[in-house]
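Structural overview for review
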Amino acid sequence: MPAKTPFYITTAISYPNGPPHIGHAYEAIATDAIARFMRLDGYDVYFLTGTDEHGQKMQQTATREGLTARQLRDRNVPRFEAMVKLLNCSNDDFIHTTEERHHRASQAVWQAMEKKGDIYLDKYAGWYSVRDEAYYAEGETHLNEQKQRIASKTGTPVEWVEEESYFFRLSAYAEKLLKLYERPNYVLPKERLNEVVSFVRSGLQDLSISRTTFDWGVKVPGNDKHIMYVWVDALANYITGVGYPDIDSEKFKRYWPAALHVIGKDIVRFHAVYWPAFLMSAGVAVPEHIFSHGFLFNRGEKMSKSVGNVIDPFTMADTYGVDQFRYFFLREVPFGQDGNYSHEAIVNRINADLANDLGNLAQRSLSMIGKAFGGKLPKPGAFSDTDNTILAAADAMIAAAREHMKTQQLHQVLNCVWAVVADANRYFASEAPWALAKTNPERQGTVLYVTAEILRQVGILAQPFVPTSAAKLLDLLAVPATEREFSALTAERRVKAGATLPPPAPVFPRYIEAEEKA
């Protein structure tokens, strides 16, 4: 049997200066869906997520709350770990940048860049945003109405900083970076790539990569007075996770370069400019692809504590159900674009797509098999043109899904699966198997068999998105655990006639408002 192709996928690491919010949850479930899809499609997947625990922002937040940076980290980080567990993420590792293995990797990257001659000591003077942990050129800032200087792109306050700093020769990498961007789909969506290309073409300045005004971070090798700029440390997590600096280890050789970094659109510059430049300097291969998702808005408004529209992902998962939460955001929001959510929109998706379209079809058809055929999957007769048409539509889903997944179009994968669910409901209604019980029991058996086969394929393809519910559906169809990978999505491996099915049970309950329950 040929060895599986490695596929290393990461989220950005979350900044734990506050509790997790819906944006953190969205990135985690989207990355998990891709990881699960690739595993089911026969890849050897390694999936990393974690927390970015250093930096001035952590230290300032801690001071405001009367804590040390370590105490703030110890309070908030377990919530991020709990969130990915609650959301049923299949990550292989959860990295903490305060771990010793990560300090070792960060310092090794620094030393490799230094050895290349790309790090030098000088004085830094310029605008810095603590909240963004980013440096901005004068032209990237402006004075707001309150005469406070802010970063034009993010609206965050900037302060003038002057201190001794180590610099990275970013300016030396412009041509190499522009060459890298010629790779097909190196950064998606395309508009993000265009932003990055424009930034690099406008001229790169050398980057200040150390600070002396605080001490919560990775110390610069050979000069303890300096702390590494948080992004040098943070970005290195991706190689820490696969064993760097042991580049001869089996793990590093197998999984690096990463197949895909999934990040938010606000940090593309760090991942598509600074990170590949650091890696080129350190003599390490650059990642293969970077995908940046958009922001989520609550009824069209950006989340804000002052507005009071920040929704806790734990509360949402508890209110709607984990799979329902996952399904809504992955189906509703075109991956890569900004998206909206509201209680009404979530309930509509749960009740229309999950409870009615898929759940009701499964419940009705499997109950009929239980009653009319004693719970044994009927043997089909000859397939009609209608049967063959709907089966062909089901068989075509996997190719379409793989095509969409090449560019991480998660919502399109779900769209193509639920289009077949809609076709299957129309097929079931028009064939009316309940009426065939007396007139043509053999035809009734064929219709129920075809419906079960469509449910099998939908169940297999839904696994990355709604893993628990899809497993329940496949259990109801008596699909063995060994027959749930995408390789089973062929006409030769259809659902087995004669199989004894367990008693049908609802897979997707309807969402009922609290006042309706009373």
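That block above? That's the structure.
Quick look at the structure, then.

Rules used in this analysis
- Residues numbered from 1 in each chain as written.
- Predicted model: local features only at pLDDT ≥ 70, side-chain atom pairs only at ≥ 80, totals over all residues.
- Heavy atoms only, no water.
- Pairing = 2+ DSSP bridges.
- Helix = DSSP H or I, 4+ residues; strand = E, 2+ residues; numbered from the N terminus.
- Contact = heavy atoms within 4.5 Å.
- Axes fitted to C-alpha atoms, helices over the stretch in contact; angles between N-to-C directions.
- Buried < 20%, exposed > 50% of the residue type's maximum accessible area, 1.4 Å probe, protein only.
- Core = buried A, V, L, I, M, F, W, Y, C linked by side-chain atoms within 4.5 Å.
- Expected span 1.5 Å × (residues − 1).
- Bend = angle between axes of the 7 residues up to and from the residue.
- Phe/Tyr/Trp six-rings, centres within 6.5 Å; stacked < 30°, edge-to-face > 60°.
- Lys NZ or Arg CZ within 6 Å of the ring centre and 35° of its normal.

Quick look at the sheet that holds strand S1 (residues 6–11)
Spatially, 6 strands are ordered S3-S2-S1-S14-S15-S9 in an open sheet, and the strand pairing comes out parallel. Sheet topology places strand S3 (93–96) and strand S9 (187–188) at the edges, where each strand pairs with a single neighbour. Here 2 bridges tie S9 to strand S15 (residues 290–293), and the two strands are oriented parallel to one another. Bridging from a neighbouring strand, Val187 pairs with Ile290 of S15. The sheet contacts of helix H1 (residues 22–40) involve S1, strand S2 (44–51), strand S14 (260–264) and S15, and relative to S1 the element is tilted by about 175°.

As for unusual backbone geometry
Between Tyr244 and Pro245 the backbone carries a cis peptide bond, its omega angle lying at 15°. Going from Trp256 to Pro257, the amide bond is cis rather than trans, its omega being 10°. One can find Pro257 in the loop between helix H9 (250–255) and S14. Residue Lys147 is not a glycine yet carries a positive backbone phi of 65°.

Quick word on the environment of Gly241
Positionally, Gly241 belongs in the loop between helix H8 (237–240) and H9. A relative accessible area of 0% places Gly241 in the buried class. For the pair formed by Gly241 and Leu178, sequence separation is 63 residues and the distance between their alpha carbons is 27 Å. Apart from the residues within four sequence positions on either side, Gly241 is in contact with Tyr8, Tyr46, Leu48, Asp93, Ile95, Arg101 and Lys251.

So, the sheet that holds strand S5 (residues 134–136)
Each strand in a sheet pairs with its neighbour through backbone hydrogen bonds, running either in the same direction (parallel) or in the opposite one (antiparallel). Here 4 strands make up an open sheet; going across it, the order is S5-S4-S8-S10 and the pairing antiparallel. This sheet does not close on itself; its edge strands, each paired only once, are S5 and strand S10 (207–208). With 10 bridges joining them, strand S4 (residues 119–129) and strand S8 (residues 159–168) adopt antiparallel strand pairing. The residue bridging Ile119 from the neighbouring strand is Phe168, located in S8. Along the sheet, helix H10 (residues 268–282) makes contact with S5, S8 and S10, crossing S8 at roughly 30°.

Overview of the nonpolar core
Of all hydrophobic cores here, the largest spans 97 residues; its most connected members are Ile9, Ile34, Phe329, Leu330 and Leu461. Tallying contributions element by element places H1 first for this core, with 12 residues. Counting 76 residues, the second-largest nonpolar core is a separate cluster that includes Leu193, Leu235, Phe252 and Phe278.

Observations regarding helix H3 (residues 69–86)
Taking 1.5 Å of rise per residue, 18 residues should cover 26 Å, and H3 covers 26 Å from first to last C-alpha, within 8% of that figure. Its maximal kink placed at Asn76, H3 deviates by approximately 25°, while the proline Pro78 follows within four residues. Buried residues of H3: Ala69, Leu72, Arg73, Asn76, Val77, Phe80, Met83 and Val84, and no others. Residues of H3 that are buried make contact with H1, S2, helix H2 (56–64), S3 and helix H11 (313–320).

Notes on the environment of Gln111
As for its position among the elements, Gln111 is in helix H4 (residues 100–115). Between the C-alpha atoms of Gln111 and Gly222, which are 111 residues apart in sequence, the distance is 9.5 Å.

Regarding the packing of aromatic side chains
This model, assessed by the stated rule, comprises 31 aromatic pairs. Taken together, a centroid distance of 6.4 Å and an interplanar angle of 35° make the contact between Tyr181 and Tyr186 tilted. Considered together, Tyr181 and Tyr186 belong to a single accessibility category, that of buried residues. Taken together through their ring pairs, the aromatic side chains of Tyr8, Tyr46, Tyr238, Tyr244, Phe252, Tyr255, Trp256 and Trp275 make up a single cluster. Across from the ring centre of Tyr128, 4.4 Å away, lies the NZ or CZ of Arg211, which sits over that ring. Just above the ring of Phe199 sits the side chain of Arg269; from NZ or CZ to the centre is 3.8 Å.

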